[in-house]
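Geometric and topological summary
Listed below, chain by chain, are the residues.
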Amino acid sequence: MKGMSVNIIELAPANENLLEAAARILLEAFAPSGSREWQTVKACRHEVTQCARPEYLCLGALIGNELAGWIGFRPAYGEYTWELHPLAVAPDREGMGIGRALVLEGERRLVDSGAGGVVLGSDDESGRTSLAGSDLAGPDLFDHIRSIRNIRRHPYEFYQKLGYRIVGVIPDANGPGKPDILMWKRLVR
Ligand SMILES: CC(C)(COP(=O)(O)OP(=O)(O)OC[C@H]1O[C@@H](n2cnc3c(N)ncnc32)[C@H](O)[C@@H]1OP(=O)(O)O)[C@@H](O)C(=O)NCCC(=O)NCCS
């Protein structure tokens with residue numbers, strides 16, 4: 001991974017310092033997206049605590065002793081399809097392959113436990129794709145999806161590079177013209 005040694009570990013409830021670092025990364029990583037969900041450290045700590053529950057899968061990427069990013073997965077349709085939620089890389093560690101490494105390692109572990117797919121929702125709350133502000137409630141919904149354009153580095157393209165497909169949208173998920181983009185990937189052994 002671009003000359004760096006990155007160690008991917010499971011984040012457990014006992015890793016208090018790492019969980020605190022994960023909350024900070026969540027806050028910083030989602031600030032530019034206009035996320036309504038993770039605007040305070042308190043909300044981020046709550047999310048991290050949920051993700052680190054033993055029945056979920058929560059992984060962190062370490063560079064030395066420093067947490068550079070983390071990812072959560074939870075069962076969504078029984079134990080067959082899991083939801084990826086959330087994924088956050090520290091802003092000063094972006095573009096180094098850490099996001100890709102976290103997703104792929106999570107998928108590898110899920111396949112080993114018998115899972116067959118991963119689903120995720122990637123919000124567009126600040127006009128980062130051509131879907132924002134479009135009339136997605138009308139008859140042209142699937143045309144809009146087919147001709148999606150990335151305007152300001154929305155992560156849907158990151159996921160496409162890893163094999164995820166757009167399988168739908170929730171048109172006004174976050175308010176009028178602020179959709180959630182739904183993506184899915186089949187896991188193969
Ligand atoms: C999106 C995010 C997880 C990507 O992590 P990263 O470590 O920077 O990504 P990687 O370095 O592993 O990139 C893998 C590939 O995806 C591409 N990519 C990464 N982010 C991208 C984006 N926002 N838009 C388009 N392509 C992107 C990279 O250029 C790279 O492409 P390449 O293989 O052709 O070189 C990270 O930028 C982040 O945490 N963003 C803020 C939070 C967020 O949006 N999380 C996901 C919400 S669903």
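Below you will find a few notes about this structure. (Residues numbered from 1 in each chain as written. Predicted model: local features only at pLDDT ≥ 70, side-chain atom pairs only at ≥ 80, totals over all residues. Heavy atoms only, no water.)

**Some thoughts on the overall build of the protein**
Scanning the protein from N- to C-terminus turns up five helices and seven strands. Its helices and strands in sequence order give the protein the pattern β-α-α-β-β-β-α-β-α-α-β-β, from N to C terminus. Against the compact-globule benchmark of 16 Å for 189 residues, the protein has a radius of gyration of 16 Å, which places it among compact chains. In terms of overall dimensions, the protein has a C-alpha envelope of 50 × 35 × 35 Å along the principal axes. Counting across all 189 residues of the protein, residues that qualify as buried make up 47%. Considering only residue pairs separated by 6 or more positions, the protein has 61% of its internal contacts joining residues 24 or more positions apart. Summing over all exposed atoms, the protein offers an accessible surface of approximately 10000 Å²; the carbon and sulfur share of this is 50%. Between the mean site of the 22 positive side-chain charges and the mean site of the 24 negative ones, the protein shows a separation of 4 Å. (Helix = DSSP H or I, 4+ residues; strand = E, 2+ residues; numbered from the N terminus. Rg over C-alpha atoms; globule rule 2.2 N^0.38 Å. Buried < 20%, exposed > 50% of the residue type's maximum accessible area, 1.4 Å probe, protein only. Contact = heavy atoms within 4.5 Å. Areas by Shrake-Rupley, 256 points an atom, 1.4 Å probe, with all protein chains shown as cover. Lys, Arg positive; Asp, Glu negative; His and termini not counted. Charge placed at Lys NZ, Arg CZ, Asp CG, Glu CD.)

**Concerning the side chain of Asp124**
Tracing the chain through its elements places Asp124 in the loop between strand E5 (117–123) and helix H4 (141–146). For Asp124, which is buried and forms no salt bridge, the nearest opposite charge comes from Arg128, at a distance of 5.8 Å. One polar contact links the side chain of Asp124 to the main-chain amide nitrogen of Ser126, over a distance of 3.4 Å. Not counting chain neighbours up to four residues away, the residues in contact with Asp124 comprise Thr129, Ala132, His154, Lys178 and Pro179. (Salt bridge = Lys/Arg side-chain N within 4 Å of Asp/Glu carboxyl O. Polar contact = N/O pair within 3.5 Å; in protein donor to acceptor, adjacent residues only side chain to side chain.)

**Describing the site of the ligand**
Taken together, 21 residues lie around the ligand, and Glu94, Gly95, Gly97, Gly99 and Arg100 are the ones closest in. Within the backbone of Gly95, one N or O atom sits 2.8 Å away from an oxygen atom of the ligand. In the model, an oxygen atom of the ligand is placed 3.4 Å from a nitrogen or oxygen of the Met96 main chain. Contact with the protein chains covers 80% of the free accessible surface of the ligand, which is 910 Å². (Near = heavy atom within 4 Å.)

**Here's the deal with the sheet that holds strand E4 (residues 81–89)**
Sheet architecture is open: seven strands sit in the order E1-E2-E3-E4-E5-E7-E6, paired in mixed fashion. Edge positions in the open sheet fall to strand E1 (7–10) and strand E6 (165–170), since each of these has one partner strand only. On average, adjacent strands in this sheet sit at an angle of 25° to one another, irrespective of strand direction. Where E6 lies against strand E7 (residues 180–186), five bridges are found, and the strand directions are antiparallel. Bridging from a neighbouring strand, Val169 pairs with Ile181 of E7. (Pairing = 2+ DSSP bridges. Axes fitted to C-alpha atoms, helices over the stretch in contact; angles between N-to-C directions.)

**Examining the packing of aromatic side chains**
Inspection of the entire model under this criterion finds three aromatic pairs. Considering the side-chain rings of Phe30 and Trp38, the 4.8 Å spacing of their centres and the 65° angle between planes classify their relative orientation as edge-to-face. The buried category is assigned to Trp38, whose relative accessible area is 6%. Measuring from centroid to centroid gives 5.7 Å for Tyr159 and Tyr164, while their planes differ by 70°, and the two rings are edge-to-face. In terms of burial, Tyr159 and Tyr164 fall into one category: buried. Clustering of aromatic rings is evident, with ring pairs tying together Phe158, Tyr159 and Tyr164. (Phe/Tyr/Trp six-rings, centres within 6.5 Å; stacked < 30°, edge-to-face > 60°.)

Interpretation in functional terms is not warranted from these geometric data alone.
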